[in-house]
Amino acid sequence: MSFRFRHHIIDTDLPGGGYAQTALADLDSDGRLEYIVGQRSGDIFWYKCHTPDRWQRHLLGEDSPSDVGGCVLDVLSCEMEAVGGENEPRWYIWENVDGRGGTWREHVILDANLGGHELVVGDVTGNGKPDIVGKPWRARPGNAVDGRFFVVFLENVTD
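Remember, it's a predicted structure, so these values are computed and weren't measured experimentally.

Rules of the game
- Residues numbered from 1 in each chain as written.
- Predicted model: local features only at pLDDT ≥ 70, side-chain atom pairs only at ≥ 80, totals over all residues.
- Heavy atoms only, no water.
- Patch = residues over 30% accessible without salt bridge, like charges linked within 9 Å, V, L, I, M, F, W, Y side chains within 5 Å.
- Areas by Shrake-Rupley, 256 points an atom, 1.4 Å probe, with all protein chains shown as cover.
- Salt bridge = Lys/Arg side-chain N within 4 Å of Asp/Glu carboxyl O.
- Helix = DSSP H or I, 4+ residues; strand = E, 2+ residues; numbered from the N terminus.
- Buried < 20%, exposed > 50% of the residue type's maximum accessible area, 1.4 Å probe, protein only.
- Lys, Arg positive; Asp, Glu negative; His and termini not counted.
- Polar contact = N/O pair within 3.5 Å; in protein donor to acceptor, adjacent residues only side chain to side chain.
- 1 Å grid on protein atoms, 1.4 Å probe; cavity = no way out; pocket = protein on both sides within 12 Å on 5 of 7 lines; lining within 4 Å.
- Points joined across faces, edges and corners; volume = space filled by probe spheres on them.
- Nonpolar A, V, L, I, M, F, W, Y, C, P; charged D, E, K, R; others polar.

1. Re a nonpolar patch on the surface
Together, Met-1, Phe-3 and Phe-5 make up a nonpolar patch on the protein surface, roughly 540 Å² of accessible area in all. The topology assignment puts Phe-5 in the segment before strand E1 (19–25).

Have a look at this one:
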């Protein structure tokens, strides 16, 4: 087996640095995946691929709470526990309200003084609903489990 790839530059004009929170998802319901990337304490963008050499950048959200892993549930992100801030870390979902990537609504889904670094999404309970499992990069003193490292499971109990 051999592999062969051709590279294409998507964007060379992103503001600032410190980007992560990457994911692929069909945000505009056209059957093709879009690319998502977010800046620590900055903007989250999604890119529409028109051709391999022509991508269009869209703003998904502002003042990102994270600088690490992203998953798609529409878009899922969390604040990193090991990075200090004014508030306790939280986990978010940005809901793709119009199903086309044009209107987004932020939802805080975990506000329990537990941060994250890597998140995965899947139907853990077997009920057909996406659940979330995550862990921090490094636990911080004073978190909700007395500064211990942890793995957290968010069971989807949506009606």
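2. Considering the side chain of Asp-131
Looking at the element boundaries, Asp-131 is found in strand E9 (residues 131–135). Summary of buried charges: Asp-131 has no salt-bridge partner, and the nearest side chain of opposite charge, Lys-129, is 8.2 Å away. A distance of 3.0 Å separates a polar atom in the side chain of Asp-131 from the backbone nitrogen of Val-124.

3. Regarding the layout of surface pockets
If you add up the space inside the second largest pocket, you get close to 200 Å³. Around the second largest pocket, the lining comprises 10 residues; the ones closest to its centre are Ile-93, Pro-130, Ile-132, Asn-156 and Thr-158. Each residue belonging to the lining of the second largest pocket can be placed in one class, and the counts come to 7 nonpolar, 2 polar and 1 charged.

4. Some points on the pattern of salt bridges
Pairing between side chains becomes possible if they bear opposite charge and their charged atoms approach one another. This structure, assessed with the given rule, holds 6 salt bridges. Between Lys-48 and Glu-34 there is a salt bridge, with its nearest N and O atoms 3.3 Å apart. Of the two residues, Lys-48 is situated in strand E3 (residues 44–51) and Glu-34 in strand E2 (residues 34–39); the sequence distance between them amounts to 14 residues. Of the two residues, Lys-48 and Glu-34, both sit in the buried class. The closest approach of N and O atoms between Arg-148 and Asp-146, which form a salt bridge, is 3.9 Å. In this structure, a network of salt bridges that share partners links the residues Asp-28, Asp-30, Glu-34 and Lys-48.

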